Amino acid sequence: MSALRARLGSSTVCARKIFLQSINNSKHFAARSVSAKIQNDSTIFRAFSNRQYSTATEQKKDGETLKGTSEKREFQAETRMLLDIVARSLYSDKEVFIRELISNASDALEKFRYLSVSAATEGKQLEQTDRALEIKLITDKQNRTITFQDSGIGMTKEELTQNLGTIARSGSKSFIEEIKKQGADQASSIIGQFGVGFYSAFMVADKIEVFTRSSIAGSPGYKWSSDGSGVYEIQEADGVPIGTKIVVYLKTDCREFSDDETVKGIIKKYSNFIGSPIILNDQQVNSIKPLWLMEPKEVTQEQHVEFYRFIGNSYDKPRFTLHYKTDAPLSIRAVLYVPEGKPGLFELSRDSDVGVSLYSRKILIKSKADNILPKWLRFVKGVVDSEDIPLNLSRELLQNSNLIIKLRTVLTNRFLKFLNDSASKDPVGYDTFYRDYSIFLKEGIVTSHSPLEREDIAKLLRFESSKLEKGVRTSMAEYSSRQKNEQKTIYYLAAPSRELAETSPYFESLKKRDLEVLFCYDTYDELVLLELKEFGGRQLVSVESDMQKEPENKSESVIGAQGLQQPQVDELIKFLKGQLEGKVFDVRTTQRLDSHPCVIIVPEMAAARHFVRTQAQNMSEENRFALLRPQLEINAKHPIIEKLHKLLSTDKDLANMVAQQLFSNAMVTAGLVMDPRNLITHINELLIKALEKH
Ligand code: FE6
């Protein structure tokens, strides 16, 4: 079922896309690019087909009166093959012919809507621009027929004959090849592209009659009919309203499609959100109102869920819904959703599809419009409609125009404000949102070029804090409000867990000074905060980089009564520099440690850790240390350091082993060792040594 939905979605979307493209290059219903390509080799076919037979007939049917002579034409060989495939082997469900014909009708109406606003500029005259734009379906059980009538753009004689002709000539060869290549699964999207959905009606029909009249002023009406075998008839007709009427004479075993209730169910299933009213036997079936144009207050949660499922091709619900209406600085009607489900691997990937479609006055401009929201908001699904977007907006304009940039800025700001409001109105909901989607916010901070936007995204970040309980997340604004005014710094510490953060040597001195520290457990956090640099006028400082600063209080650096004395420290430092050559770049003492014997400092901790995580494994140890330039800072008051100094005169071997181990331990603590298993051999050697005398 879900595969079917996906197929469905892609075929409607695709069809619409191609449809709009074909509007842009004007003229025909079918995909022009394909037809243009193959037009060249069509001359030969044309010579054999289109043989004309003429019979003079006068017939009456409904309000239409037939005129002049009827031409009988043969389908060309290719058309016949195509028709056979579509009518016999393409679909496993016969009912989809209803969707296909409704989709054609809807496209014809959309095309008419488009022309009625743009025709003047294209120099075309239209007739009756004020008629009702709708799709009428009539079922007739007695006569076993189902009729589709639209008041859309209609077809001229050329279009009527060429649509089949051109599609067949141009498309069928490649169409057949495509189906062979991709299998019937993908065929429905190809159908959309080739505009041959009409043929699907021959799955259920003995005979089909088409009455059509183009909306181009002065066009005559026509009747086309065929039993789908080999020939069709075409004749001029009076009394044909603008648009297209398709009468499907059902095969005996397909009589169910002349049943009102059955057809209603099928329409609901496939065509519920078609932009024009679908009226089945004088009763409207689809919920046509494009929901984004309604008053936000009037839309129920159920409607949102239904709409969300439709546009997102999914079965979950929205967790957040923003229905946004504004007229300044741009006219915007938008519904934006955050899915209830967690993002999958696909959504996380930067080349995943965008979930928002751009409309102008109910007319689709671009589905998956990748420029109306920044890339990092690709998890948002919805619809944006702006009357200010010109309908003939070209691809290039869509990429770069000031209008689109403005639209994007307004929408992004509004959405950020919305998330911020959700955070205060629904803290629990926001917390789970944050758990599932914070990675996108972080991407936004790193990729955004606007400092204002970055600050707005940063407002949405949440971290645990050294001053708050485990499991409680706080914002940087809340952090700031807890600080005494003179503190112009926001401290943070990256660590894999609360426990490791609280016991981190880097945290010790700030803890002593009673400073609040934000704990970042996500590997990206520290890169994001490094990139962000400041928040609300306060500097973002990692506790590690704070450690590298000289202590403000000079007296702190005077070595106290306990611990090693300066000459001993100098001696030990000299020893360590010698033993750890090629590994440490410098050895110094520090006053900022209590419970830890030593600590490693590298110039950019966050970048260094990222480097170790991502690139260091295929690099020699020597090169790695040369790049990282670790600096070892020792705590002269620590018992291990004191003992180590003693060992210098008693057991140089053991002293060296201890020095190596201290260094390795400090590297692990710094998060600069990816796989600590490498350390075990050395630890075991140390243990052997320790246990020797026992
Ligand atoms: C598909 C019948 C050939 C329009 N309106 C509708 N259907 C359309 C078009 N098609 N092509 C244009 C089609 C037929 C024949 C093509 Br014969 F429905 N409703 Cl404007």
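Just above sits the structure.
What comes next concerns the included structure. None of these values were measured; they are calculated from a predicted model.

Thoughts on the sheet that holds strand 23 (residues 598-601)
Here comes step 1: Taken together, the three strands give an open sheet; going across it, the order is 22-24-23, and neighbouring strands pair in mixed fashion. In the strand order of this sheet, the two ends are held by strand 22 (586-589) and strand 23, each with one partner. Pairs of neighbouring strands in the sheet enclose a mean axial angle of 25 degrees, with direction left out of account.
Here comes step 2: Judged from the four bridges that link them, strand 23 and strand 24 (residues 631-634) form a sheet pairing that is antiparallel. Looking across to strand 24, one finds that V599 is bridged to E633.
Here comes step 3: Contacts from helix 20 (residues 566-579) reach strand 22 and strand 24, with the element oriented near 155 degrees to strand 22.

Some points on the side chain of T145
Here comes step 1: Tracing the sequence through the fold places T145 in strand 5 (residues 145-150).
Here comes step 2: With a relative accessible area of 7%, T145 lands in the buried category.

With respect to the sheet that holds strand 18 (residues 489-494)
Here comes step 1: Reading across the sheet, the five strands line up as 17-19-18-21-20 and stay open at both edges, with mixed pairing between neighbours. Each edge of the open sheet is held by one strand with a lone partner, namely strand 17 (464-465) and strand 20 (534-535).
Here comes step 2: Where strand 20 meets strand 21 (residues 538-542), two bridges bridge the pair, whose relative direction is antiparallel. Residue pairing for strand 21: F535 is matched across the bridge by R538.
Here comes step 3: Contacting strand 18, strand 19 (517-520), strand 20 and strand 21, helix 18 (residues 525-532) runs over the sheet at an angle of about 155 degrees to strand 18.

Quick word on the side chain of S276
Here comes step 1: Here S276 shows up in the loop between helix 8 (260-271) and strand 10 (278-280).
Here comes step 2: On the accessibility criterion, S276 (0% relative accessible area) is buried.
Here comes step 3: Polar side-chain contacts of S276 include one of 3.2 Å to the side chain of R113.

What counts and what doesn't
- Position numbers for residues count from 1 along each chain, tracking the sequence in the order it is written.
- Owing to the predicted nature of the model, reporting of local features is limited to residues with pLDDT of at least 70; listing and counting of side-chain atom pairs is limited to 80 or more, with chain, interface and lining totals taken over all residues.
- The basis for every side-chain value is the complete set of heavy atoms in the structure, and neither hydrogens nor water enter the calculation.
- In this description, strands pair whenever DSSP reports at least two bridges between them.
- Only DSSP runs of H or I with at least four residues qualify as helices, and only runs of E with at least two residues qualify as strands; both kinds are numbered from the N terminus onward.
- Axis definition: a line fitted to C-alpha atoms, over the contacting stretch in the case of helices. Angles run 0 to 180 degrees between N-to-C directions.
- Should any heavy atoms of two residues lie within 4.5 Å, those residues are counted as being in contact.
- Partly exposed describes any residue whose relative accessible area lies between the buried limit of under 20% and the exposed limit of over 50%, with all areas from a 1.4 Å probe on protein chains only and scaled to the type maximum.
- Identification of polar contacts relies on pairs of N or O atoms within 3.5 Å, with a donor-acceptor requirement for protein atoms, meaning one able to donate a hydrogen and the other able to accept it, and with residues adjacent in sequence counted only if both atoms are side-chain atoms.

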